Number of protein chains: 4
Amino acid sequence: MHEWQAERDWPLLTQGLAGRLRNDCMAQWMEFVRHPFVRSVGDGTLAPEAFRNFLIQDYLYLIQYTRACALAVHKADTVTGMRHAAHLLSGILNTELSMHVAYCAGWGIDETALEQAEESLELLAYSRFILDRAQTGDLLDLLVTMAPCLIGYAELGARLHADPATKREGNPYWSWIALYGGAEYTELVEEGIHRLEKVGAACGAQARYPALVREFATSVRLETAFWATARSG
Amino acid sequence: MHEWQAERDWPLLTQGLAGRLRNDCMAQWMEFVRHPFVRSVGDGTLAPEAFRNFLIQDYLYLIQYTRACALAVHKADTVTGMRHAAHLLSGILNTELSMHVAYCAGWGIDETALEQAEESLELLAYSRFILDRAQTGDLLDLLVTMAPCLIGYAELGARLHADPATKREGNPYWSWIALYGGAEYTELVEEGIHRLEKVGAACGAQARYPALVREFATSVRLETAFWATARSG
Amino acid sequence: MHEWQAERDWPLLTQGLAGRLRNDCMAQWMEFVRHPFVRSVGDGTLAPEAFRNFLIQDYLYLIQYTRACALAVHKADTVTGMRHAAHLLSGILNTELSMHVAYCAGWGIDETALEQAEESLELLAYSRFILDRAQTGDLLDLLVTMAPCLIGYAELGARLHADPATKREGNPYWSWIALYGGAEYTELVEEGIHRLEKVGAACGAQARYPALVREFATSVRLETAFWATARSG
Amino acid sequence: MHEWQAERDWPLLTQGLAGRLRNDCMAQWMEFVRHPFVRSVGDGTLAPEAFRNFLIQDYLYLIQYTRACALAVHKADTVTGMRHAAHLLSGILNTELSMHVAYCAGWGIDETALEQAEESLELLAYSRFILDRAQTGDLLDLLVTMAPCLIGYAELGARLHADPATKREGNPYWSWIALYGGAEYTELVEEGIHRLEKVGAACGAQARYPALVREFATSVRLETAFWATARSG
């Protein structure tokens, strides 16, 4: 049994602009998708208290991510592009957030607790970095900065699905894993990668690559730091 | 038979923040809602060529208005507020724009013509003024600047419905009038007025009133100027 | 005696990104820099009343242009780039605006009149278009959209200087012409062109050219329309 | 000898909008201005390595703070307000940054090290939070969010000046203390407080107070967290 490998198991992740960015940050990328948090979710050993704290911060993060999607609508220069971003936006606001609230309820976190929680340092750093790049740069900067979150969760979902160490029966985190490794999320990510490729071509990604890889790398670093919100106490 | 009067026929338009703003720009407001364009639509005498040009510019305006709605999502500070703005946004992108395209087709304007049309001076002035206030100010500035468009079309729809001079049978513009005087649009406007009131209270509308009435007045002036896009040739 | 020609008389205007943009909008560009307004300033036949109205709108325009310079500071990604934009910003706020006020006083327009004047449709369209592109796009979009104003005034200054039809003695507009054809403004423009070239290379101007030329063309069109603020009454 | 007290020693800090905000976050505020970092600077016991790391992050922070000042120019609605913000902006870009570079050189940090340093989590969280509030809200939100940095450094400077435990002779940090407790910085802060008061009155600070105190409190929390950048290794 071999470890999951993007080149073989999901080649799309290694191609085009997204693939180049991922490849050029490989060490940092691996720290993100193979983080101890991910492993402990896979084998079910993560402390529930830590997971609860993560879920709360993840809820607050989703709200900020939605605000970045709103800027993607604002910055799109065709009606088709606007619709693409608005579809993502509605999906989060009308479906994902409610699912997240329901999922949190299953872990004993009620909606009031979600709404009153304080944003952690990791969340503030990551979400506001994205929003600042989204405002300061153009649509390409925005999509590049949002990409690690979109792609990374799909990759770690696929990795956990493929990993024999992943526990399915009796793992309280299995439904979480199932979500990010599932067909629906996978399709969303593939659409996002194609959109990035298209916007990249129109917006001069090749000439701008040094700046793009810098913002992608910072985003991966902050996504990795975000795992630390899964802490007890 | 009396002329339509907001005080009697739709008192909501005269109350609260929206009512105060409308009242304090009354002369300009009347120029907007009782413009010769409106009269000529009502009695069916508007030149079709002029109406076609107006429709094209109105389509391009809708796209920019949607971008302002996206900023309203970005600037809302509660999930409920974000959902309210996102609902408006989806409504325009997924329903109104398609209806507008179909309606234009009925007037012999195909989608390519809509997409390739050049933005007029009036459209650029009005839409970019809104977008600049939306970016520069907070959510209240944004809603105040967008309000004349939202409310004014409902008022002129109601006026045309009530006006005995309005021709229904054989008036090529009747379906346009029916839309803005209809129950669905009326409800949308009432929601928007309530939202403005609520945001106004939370955001200090009373203390900020001198600045708010200035931006509202500019918006009414630009909305009035926009009727001139209904020109032949 | 030949007409002034950029190719021969100021080749920098025909080179690089700025030159390509200018060349690809040549018909519209010529309407801008050889507009009847420019000719009537050159031979001194412009109605003083019209010029006064233009000066008032130009003052209000400068304020909005300064706001765009502030966004150029915000969007620059190096300290050197920030300083370049901040230098322009300070120059306008601390020097040009005061000179403009003094110049207007010489034409009988006092500062209160400047501050209380209403923004014209042409001013709103042009300035808010620039500000919207500045917010929506990146630094390159911003510089491309601001370029027609910067470069065009230098070119028309040079044209008027070179034109035998230009009246110097007894022309009430000579000091205005002298400003834009002068060494100081020329140097500012050359710096701006070099900056555009550099930012263009880093930001993928070549791949993005179709979008850039569209926003440049709109900007030239709006700059041309702005001459109409020189109207009597 | 009594401890320094704002009420007695700098009453301006306890008055008006700034005073109310500071007072309503008092516990967090005290953690910020009487942080162990501040004490160890005062008695000269801070590890030089930790101070060097802090200086590097502080340099990177200044750059982002300047970008927020640029947005203050963009959002000001009078020429006087624009000049106030532009003055701050130029002061940082043309004077403070160079002083900071020279000061760092004295601590053995060369300019290349400053430019190549990676932004810390604390810096990203704090600076991008400010920039996001600056873009999302209006000028008042921006000034409120920037206020803890402006006022807090002056207060801790005054506290260290007044504290008998502060070592002056032979304290390698004395020049740093002298700067923030000095007359020039004090004057800057007083101007800033008056400006906040004025903008607060015009922008409805009273009605908006619940939202303002929330963003002020987050800013104080993030400023406090920023002291942790003074770490060795």
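Just so it is clear, the structure is predicted and the values come from calculations on it, not from any experiment.

A. Region of the structure containing the overall build of chain A. Helices and strands together make up the secondary structure of chain A, namely 12 helices and 0 strands. Overall, chain A shows an N-to-C arrangement of helices and strands of α-α-α-α-α-α-α-α-α-α-α-α. Against the compact-globule benchmark of 17 Å for 233 residues, chain A has a radius of gyration of 17 Å, which places it among compact chains. Based on the C-alpha atoms only, the size of chain A along its principal axes is roughly 50 × 45 × 30 Å. The buried share among the 233 residues of chain A stands at 60%. In chain A, once contacts between residues fewer than 6 apart in sequence are set aside, the share between residues at least 24 apart is 81%. When the accessible surface of chain A is totalled, it reaches about 9100 Å², and 54% of it is carbon and sulfur. Positive and negative charge centroids in chain A, built from 20 and 29 side chains respectively, lie 5 Å apart.

B. Fine view of a negative patch on the surface. Residue and element names in this part refer to chain A. Taken together, the side chains of Glu96, Glu184, Glu187 and Glu191 define an acidic patch exposed on the protein surface. The biggest single contributor to the negative patch is helix α11 (residues 183-202), with 3 residues. By the secondary structure assignment, glutamate 184 is in helix α11. Taking the relative accessible area as the measure of exposure, glutamate 184 reaches 70% and is therefore exposed.

C. The side chain of Gln64(B), seen in detail. Within the element layout of this structure, Gln64(B) appears in helix α5 (residues 48-75). By relative accessible area, Gln64(B) is classed as buried at 10%. A distance of 2.8 Å separates polar atoms of two side chains, one belonging to Gln64(B) and the other to Arg67(B). Once residues lying within four places of it in the same chain are set aside, the contact partners of Gln64(B) are Glu119(B), Ser127(B), Arg128(B), Leu131(B) and Asp132(C).

D. Spatial organisation of the pattern of salt bridges. The full count for this structure, using the stated rule, is 57 salt bridges over all chains. Salt-bridge contacts for Arg8(A) lead to Asp9(A); the nearest nitrogen and oxygen are separated by 2.9 Å. Look at Asp9(A) and you get partly exposed, because its relative accessible area is 36%. Measuring nitrogen to oxygen at the nearest pair gives 2.9 Å for the salt bridge that ties Arg208(D) to Asp138(D). Taken as a pair, Arg208(D) in helix α12 (residues 205-226) and Asp138(D) in the loop between α8 (121-136) and α9 (139-162) lie far apart in primary sequence, 70 residues in all. Members of the salt-bridge network, linked through shared partners, are Arg133(A), Asp138(A), Asp141(A), Arg208(A), Glu215(A), Arg133(C), Asp138(C), Asp141(C), Arg208(C) and Glu215(C).

E. Structural detail: the relation of the copies chain D and chain A. Structural alignment of chain D on chain A gives an RMSD of 0.0 Å, achieved by rotating through 180° and translating 0.0 Å along the axis. In short, the pair behaves as if placed about a two-fold rotation axis. Looking at the rotation axis and the C-alpha trace of chain D, the residue lying nearest is Ala125(D), at 1.8 Å. When the interface residues of chain D are mapped onto chain A, 100% of them are again interface residues, pointing to one common binding face.

F. Spotlight on the interface of chain D and chain A. With 18 residues of chain D at the contact, the number on the chain A side is 18 residues. Across the chain D/chain A interface, buried area totals approximately 1500 Å², and carbon plus sulfur atoms make up 59% of it. Our enumeration of links across chain D and chain A arrives at 6 salt bridges. Here Glu118(D) ties to Arg221(A) by a salt bridge, and the two come within 3.5 Å at their closest N and O atoms. Of all the secondary structure elements, the ones that give two or more residues to the side of chain D that touches chain A are α5 (48-75), α8 and α12 of chain D. If one sorts the elements of the side of chain D that touches chain A by residue count, α8(D) sits on top with 10 residues. Grouping the constituent residues of the side of chain D that touches chain A by class yields 7 nonpolar, 4 polar and 7 charged.

G. Focus on the UniProt feature "domain: Thiaminase-2/PQQC" (unreviewed entry) in chain A. The positions UniProt marks with the feature "domain: Thiaminase-2/PQQC" (unreviewed entry) are residues 29-231 of chain A. Regarding residues 29-231 of chain A, the helix share stands at 79% and the strand share at 0%, and the terminal C-alpha atoms are separated by 21 Å.

H. Region of interest: the interface of chain B and chain A. Contact with chain B, which involves 20 residues of that partner, is made by 20 residues of chain A. Each partner contributes to the roughly 1700 Å² buried at the junction of chain B and chain A, and carbon and sulfur atoms together form 66% of this total. Considering only the side of chain B, the residues that lose the most area to chain A are His74(B), Arg83(B) and Leu93(B), jointly responsible for 34% of the buried surface there. At the junction of chain B with chain A, the criterion picks out 5 residue pairs in polar contact (both at pLDDT 80 or more). Listing elements by their share of the side of chain B that touches chain A, those giving two or more residues are α5, α6 (79-106) and α8 (121-136) of chain B. For the side of chain B that touches chain A, the element with the most residues is α6(B), which contributes 10 residues. Looking at the side of chain B that touches chain A residue by residue, the classes come out as 12 nonpolar, 6 polar and 2 charged.

I. Molecular detail of the packing of aromatic side chains. Taken as a whole and judged by the stated rule, the model has 89 aromatic pairs over all chains. When the centroid spacing of 5.6 Å and the interplanar angle of 35° are considered together, the rings of Tyr153(D) and Trp227(D) count as tilted. Of the two residues, Tyr153(D) is situated in helix α9 and Trp227(D) in the segment after α12; the sequence distance between them amounts to 74 residues. Here Tyr153(D) and Trp227(D) have matching classes, each one buried. Sitting over the ring of Tyr209(B), Arg20(B) keeps its end group 3.5 Å from the ring centre.

J. Just the nonpolar core, in detail. In this structure, Trp176(A), Trp176(B), Trp176(C) and Trp176(D) are the most contacted members of the largest nonpolar core, which totals 365 residues. Sequence-distant contacts of Trp176(B), that is, excluding residues within four places in its chain, are made with Phe37(B), Val41(B), Phe51(B), Phe54(B), Tyr103(B), Tyr153(B), Leu156(B) and Trp227(B).

K. Expanded view of the environment of Leu123(D). Residues and elements named next belong to chain D. Looking at the secondary structure, you find leucine 123 in helix α8. Among the residues examined, leucine 123 registers a relative accessible area of 0% and is labelled buried. Sequence separation of leucine 123 and tryptophan 227 is 104 residues, and the distance between their C-alpha atoms is 9.9 Å. Those residues in contact with leucine 123 that sit more than four places away from it in its chain are Gln57, Leu60, Tyr61, Arg128 and Phe226.

About the cut-offs
One numbering rule holds for all chains: residues counted from 1, following each sequence as written. In the order they appear in the text, chains get letters beginning with A and ligands get numbers beginning with 1. Note on the predicted model: pLDDT of at least 70 is required for a residue's local features to be given, and 80 or more for side-chain atom pairs to be given and counted; whole-chain, interface and lining totals, by contrast, use all residues. Side-chain numbers here rest on the full set of heavy atoms in the structure, without hydrogens or water. Each helix is a run of H or I in the DSSP string that is no shorter than four residues. Each strand is a run of E no shorter than two, and both are numbered from the N terminus. Atoms counted for the radius of gyration: C-alpha only. Globule rule: 2.2 Å times residue count to the power 0.38. Throughout this description, buried means an accessible area under 20% of the type-specific maximum (1.4 Å probe, protein chains only), exposed means over 50%, and partly exposed covers the range between. Any two residues having at least one pair of non-hydrogen atoms within 4.5 Å are treated as being in contact. Note on areas: Shrake-Rupley, 1.4 Å probe, and residue coverage restricted to the protein chains presented here. Under this rule, positive means Lys or Arg and negative means Asp or Glu; His and the chain ends count for nothing. Every charge is mapped to an atom, namely NZ of Lys, CZ of Arg, CG of Asp or CD of Glu. What makes a patch is a set of residues exposed beyond 30% relative accessible area and free of salt bridges, joined within 9 Å when like-charged and within 5 Å when nonpolar (Val, Leu, Ile, Met, Phe, Trp, Tyr). Within this document, salt bridges are pairs made up of a side-chain nitrogen of Lys or Arg and a carboxyl oxygen of Asp or Glu, the two lying within 4 Å of each other. In protein, a polar contact requires one atom able to donate a hydrogen and another able to accept it; more generally it is a pair of N or O atoms within 3.5 Å, and residues adjacent in sequence count only if both atoms are side-chain atoms. Each copy is superposed on the other by least squares, with the fit set by C-alpha atoms of residues at a pLDDT of at least 70 in both. Buried area is calculated as the accessible area (1.4 Å probe) missing from two parts once they are joined, with the contributions of both summed. Note on residue classes: Ala, Val, Leu, Ile, Met, Phe, Trp, Tyr, Cys and Pro are nonpolar, Asp, Glu, Lys and Arg are charged, and everything else, Gly too, is polar. UniProt positions are given in the numbering used here, feature names are shortened, and annotations may be inferred rather than shown by experiment. Think of it this way: a Phe, Tyr or Trp ring, Trp meaning its six-membered ring, pairs with another when their centres are within 6.5 Å, and the plane angle makes it stacked under 30 degrees, edge-to-face over 60, tilted otherwise. Put simply, a charge is over a ring when the Lys NZ or the Arg CZ is close to the ring centre, within 6 Å, and near the line of the ring normal, within 35 degrees. Note on terminology: a nonpolar core comprises buried Ala, Val, Leu, Ile, Met, Phe, Trp, Tyr and Cys residues joined through side-chain atoms within 4.5 Å.

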